[in-house]
Amino acid sequence: MCGIFSFILKRPLNKKDILLGREGIKMLKHRGPDSDGEWYNKKEGVYIGHTRLSIIDLSLKGNQPMINNKHVLAYNGEIYNYLEIKKELEAKGIKFYSNSDTEVLLKYWQNLNNSCLNYLDGMFAFVIWNGKNIWISRDKFGEKQLFYATTKDGVYISSEIYPLVKLLKKEKDLNNEKLAAYLALGYIPSPFTAYKNIFCVEPATTILLKKGVVKKKVNYWDHAKQEELENINDNYLDDVNNEIIKSVKSRLRSDAKKCLFLSSGIDSSLLASIISKELKSNIHTITVGFNKSKFYDETTEARKIANYLKLPNDVILSELDDKKVDINYLLDMYGQPNDNLTIIPTYQMALIAKKFKYKVGITGMGGDEISSGYRKQTFIKKYKNIYAIPEKIRLFISFLLKPLNNYNNKIKIFRNIFGIKNEFLYIALKNTNLISQLKEIPYMEEWAKKNFSSFNGNNLFKSVENFDFKNVMPNSRLICFDHGGMRAGHEFRSPYLNSNLITLFNSFNNKHKTQKFIFRKILERYLPKKLIFGFKKGFVYSYEYFLQNNQKSSNSLIIKNIKEKDLTNNPSWARFLVRKEILNNFLNN
C-alpha cells in the first residue's frame, strides 16, 4: 500500500515541475510513511513519484519507483499471486534481485504488457513508463483508487484527489447529472468527480497517456457470466470453500505484522474459521468496540467465535472523538462529497491496528457483494411477484390508491416502492419513502432514465446485483477501506474479492444468492449453529447521530427537518439529509 503522484507533460520538465511533484508526494506521505522516491525524464516531460508502506520485502530493494531497463513502475497495492507468477517467469529465464511483488509486477508487465492484467490476483493501481508512453491501470474490483487530471500542460495522476485539486487549483464542477447522481446515490459515479477535468480511473481499466494526452481507455475484465446451476450440492460447496481457502492463504502473505478484524458476521467468521482450522494459523484477531449509542456493538459474539476457534482476540474500544467527526472530516477523508459514514469506524480500526504495530488487516469486505448479502436483494426476492407486474399496471394501481395514501402505511409503501416507473425502482430501494422528493430534483428523471431504464421487474435482482458490484462497491464501499486505512498507514485485505471466486458465484442460480446461503452452508462445517448469528448488526456510523452531533453547523433547513421527521423510523431520510449537508458545505466553502 502506497501513494502515487506522477505526470506526463506536453513539454519538457522544468525545476518548478519537479518541485510540484515532490509536493504531491509529500501530501500523500500518510499512505506510505516508510520511504519515498522519484524518477523523472526532463526531455520526455515525465515525473513518477512514490511513497511506500512496506509490506512485502521490507528491504531497500523493494523501494519505488522501480526501474528495469527503460521501464519505470510506481505501484500501490498487493499482487497476491506474485510467487506463482515469479516461478513462471523464472522458468523463462528471467532473473530477480529482490523478494518484492513490485519487481514481479514490473517484469510481468514487460513480458506480457497489458495482457498480464487478466492474470493478476490482487488490488492495485499503478503507473508504468515504457520509454515512450505511460499506462495507468486499476484492479478488477476497484479496491485501490487512482485519479487523473487533464490540463493544458499534460496529465497528472494521484492516489487521492486532494493533491490534484490543491496543486493544480482545480475548480468545483457539479453539473445537473452529477448532482442528481449524488443526491440519489450518495456519491459521484466514476469516471467523474466533483471537480473540473479530474477523473477517477474505473475498475478493470487501463489508460494510455502519450505526450501529455489521454489516448486510449481499455476495459480488460468483466466479472464472468456462467451458465446458472439449478442445484447446489456438496461438490459445488467444496469448490467455493477451496477457492476461499486459496484466496485467504495468498492474502496472508506478508513480511509485516498482520491481524484479522473479527465481527460476529458470517463473512469474518468464515475467514477466521478457515485460518484456524484449514491453514492452522494462530492469527491475532481484533474486535473493535464502539459506544452502543452510536454503533452496533458485536464484541460479545465475536469473542465467543474467537474462543471456539482458539484464536487470540483483543476487544479494543474506539477512542473516537465525536467533536472531530463533522462534515469537514468527511470531505477531508474523501476529497469530494460522499455520504458513506463507514469511513469513520474504518479509520478508527486502522488507527487501532497501527497502535499495535499491525500493518495488514484481513477483512470480510466484499462478502456481501458477491453473495447478495444486502437486505435489498432479500426484499426483491420476497416481493418478486409484485415487481413482475408490468409497469403500466403498477402505475395504474398506484393511481387508484392515491386517495388512500395517508390512511394506510402499506399503501404508502406500495406507491413509493412499486407504484413507480421502472427507472426509479433501484433508486426507491436505496431511498425508502423518498422517491417523491427525489423526483422534484432538477434533471433527476432524465438521469434515472439514462442509467436505469433497462431495470424491470423480471431482471431487477440481477440488475441490482450488477450495479452494486460495478458501481456502488468501488465508488462508495471500497473507497472507505482505501482512504480510511491509508490515512493511518494501514492495509486492508479482502479475500472475497477474488476473480475465481466471483466466477463460481456467478454460476449459481439466483435462488441461492440471498442471505449468504452458500457462505452459511460452508460455515456450518466449521462452527456450531449457535455461533452462526443472523443478520450482522452492521458496521456503520449512525446517520441520525451524525446529524444530531452536527446541528450547530447545520443550516436552518437541516435543523428544521431533524425536528419534524422521525429519523429513527426513516433512516433513508436521515441519510438524505446528510447528503444535503455535505453538499451545502462543499459548495459554500
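For the structure, check the block above.
Residues numbered from 1 in each chain as written. Predicted model: local features only at pLDDT ≥ 70, side-chain atom pairs only at ≥ 80, totals over all residues. Heavy atoms only, no water.

1. Points about the overall build of the protein
A tally of helices and strands in the protein yields 24 helices and 17 strands. Its C-alpha atoms give the protein a radius of gyration of 24 Å, within 12% of the compact-globule value 25 Å for 589 residues. Each principal axis of the C-alpha atoms in the protein carries an extent, and together these give about 75 × 55 × 50 Å. Counting the 589 residues in the protein, one finds 60% classified as buried. Pairs at least 24 residues apart make up 73% of the contacts formed inside the protein by residues separated by at least 6 positions. For the protein, the exposed area adds up to about 24,800 Å²; of that, 50% sits on carbon and sulfur atoms. Distance between charge centroids for the protein: 2 Å, based on 92 positive and 59 negative side chains. (Helix = DSSP H or I, 4+ residues; strand = E, 2+ residues; numbered from the N terminus. Rg over C-alpha atoms; globule rule 2.2 N^0.38 Å. Buried < 20%, exposed > 50% of the residue type's maximum accessible area, 1.4 Å probe, protein only. Contact = heavy atoms within 4.5 Å. Areas by Shrake-Rupley, 256 points an atom, 1.4 Å probe, with all protein chains shown as cover. Lys, Arg positive; Asp, Glu negative; His and termini not counted. Charge placed at Lys NZ, Arg CZ, Asp CG, Glu CD.)

2. Some words on the pairing of strand S1 (residues 2-9)
For S1, the buried fraction is high: eight of the eight residues fall into the buried class. With burial as the criterion, each face of S1 is covered, one bearing Cys2, Ile4, Ser6 and Ile8 and the other bearing Gly3, Phe5, Phe7 and Leu9. The sheet contact formed by S1 and strand S9 (residues 154-158) spans five bridges and is antiparallel. Bridge assignment links Phe5 to a residue of S9, and that residue is Ser158. (Pairing = 2+ DSSP bridges.)

3. Thoughts on the pairing of strand S3 (residues 46-52)
Among the seven residues of S3, seven are classified as buried, and the element is accordingly described as predominantly covered. What you see with S3 is no split at all: Val46, Ile48, His50 and Arg52 on one side and Tyr47, Gly49 and Thr51 on the other are buried throughout. As paired strands, S1 and S3 are joined by seven bridges and run antiparallel to one another. Bridge pairing in S3 links Phe5 to Gly49. Looking at chain direction, strand S2 (residues 35-41) and S3 are connected through seven bridges and run antiparallel. Each bridged residue has a counterpart across the sheet, and for Asp36 the counterpart in S3 is Thr51. Hairpin connection, S2 to S3: the antiparallel pair is bridged by four residues, and Gly45 has positive phi, about 70 degrees.

4. Here we look at unusual backbone geometry
Here the amide bond leading from Gln64 into Pro65 is cis, since omega sits at 0 degrees, within 30 degrees of zero. Here Pro65 lies in the loop between S3 and strand S4 (66-68). Positioned with a positive phi, Ala204 is a non-glycine residue whose angle comes to about 55 degrees. For Ala204, a relative accessible area of 2% corresponds to the buried category.

5. Here we look at the pattern of salt bridges
Scanning the entire structure with this criterion turns up 26 salt bridges. Between Arg251 and Asp121 there is a salt bridge, with the nearest N and O atoms lying 2.7 Å from each other. Of this pair, Arg251 sits in helix H6 (residues 234-251) while Asp121 sits in the loop between helix H3 (101-112) and strand S6 (122-129); the two residues are 130 residues apart in sequence, bridging distant segments of the chain. By relative accessible area, Arg251 is classed as buried at 0%. Here Asp339 makes a salt bridge to Arg575, at a shortest N to O gap of 2.7 Å. (Salt bridge = Lys/Arg side-chain N within 4 Å of Asp/Glu carboxyl O.)

6. What about the nonpolar core?
Grouped together as the largest cluster of nonpolar side chains are 169 residues, with contacts concentrated most on Ile244, Ile344 and Trp447. Look past the residues within four positions of Ile344 in its chain and what remains in contact with it is Leu320, Val325, Tyr329, Leu330, Tyr541 and Phe546. Counting residues in each nonpolar core, the second largest holds 19 residues, with Ile136, Val155, Ile157 and Ile207 among its members. (Core = buried A, V, L, I, M, F, W, Y, C linked by side-chain atoms within 4.5 Å.)

7. Topic: the packing of aromatic side chains
If you walk through the whole model with that rule in mind, you get 27 aromatic pairs. Ring geometry for Phe5 versus Phe7: centroids 6.3 Å apart, planes at 75 degrees, classification edge-to-face. Exposure remark for Phe5: the relative accessible area of 0% places this residue in the buried category. Overall, the relative accessible area of 0% leaves Phe7 in the buried class. (Phe/Tyr/Trp six-rings, centres within 6.5 Å; stacked < 30°, edge-to-face > 60°.)

8. Details of helix H18 (residues 444-452)
Burial in H18 covers these residues: Met444, Trp447, Ala448 and Phe452. End-on, the buried residues of H18 take up no more than an arc of 100 degrees, which puts them together on one face. Of the surrounding elements, those touching the buried residues of H18 are helix H5 (176-185), helix H16 (425-430), helix H17 (435-439) and helix H19 (460-486). (Arc of directions from axis to C-beta.)

9. Section: the sheet that holds strand S10 (residues 198-200)
Read from one edge to the other, the open sheet built from six strands follows the order S2-S3-S1-S9-S8-S10, with strand pairing classed as antiparallel. Pairing within the sheet leaves two strands with one partner each, and these edge strands are S2 and S10. Mean inter-strand twist for the sheet, computed between neighbouring axes without regard to direction, equals 15 degrees. Relative to S10, strand S8 (residues 147-150) runs antiparallel, the two sharing three bridges. Each bridged residue has a counterpart across the sheet, and for Ala149 the counterpart in S10 is Ile198. Each of S1, S2, S3 and S9 touches helix H1 (residues 15-27); the most contacted strand, S1, lies at about 160 degrees to it. (Axes fitted to C-alpha atoms, helices over the stretch in contact; angles between N-to-C directions.)

10. What about the packing of H1 against helix H4 (residues 161-168)?
Where H1 meets H4, the closest approach of the two axes is 9 Å, and the angle between their N-to-C directions is 140 degrees. Relative to H4, the element H1 lies oblique. For the element pair H1 and H4, the recorded crossing hand is right-handed. Across the interface between the two elements, Leu20, Glu23, Gly24 and Met27 from H1 touch Tyr162, Pro163, Lys166 and Leu167 from H4. Here the residues of the contact of H1 with H4 are counted per class, giving five nonpolar, one polar and two charged. (Parallel < 35°, antiparallel > 145°, perpendicular 65-115°, else oblique. Left-handed = near helix turned anticlockwise from the far one by under 90°. Nonpolar A, V, L, I, M, F, W, Y, C, P; charged D, E, K, R; others polar.)

11. So, the state of the cysteines
In protein chemistry, a disulfide is the covalent bond that joins the sulfur atoms of two cysteines. Using the criterion set out here, one finds zero disulfides in the structure. Here Cys259 is not disulfide-linked; the sulfur of Cys480 is the nearest cysteine sulfur, at 18 Å. (Disulfide = S-S within 2.5 Å.)

12. Some words on a nonpolar patch on the surface
Taken together, Phe396, Phe399 and Leu400 make up a surface patch of nonpolar side chains, about 360 Å² in accessible area. Tracing the backbone shows Phe399 in helix H14 (residues 391-401). (Patch = residues over 30% accessible without salt bridge, like charges linked within 9 Å, V, L, I, M, F, W, Y side chains within 5 Å.)

13. Some points on helix H8 (residues 299-309)
Thr299, Glu301, Ala302, Ile305, Ala306 and Leu309 are the residues of H8 that are buried. Looking straight down H8, one finds that the buried residues subtend no more than 165 degrees of arc, so they occupy a single side. Next to the buried residues of H8 lie helix H7 (266-277), strand S14 (285-289) and strand S15 (313-317). A positive backbone phi angle near 60 degrees is found at Lys310, which sits one or two residues after H8.

Geometric values such as these leave the question of function open.
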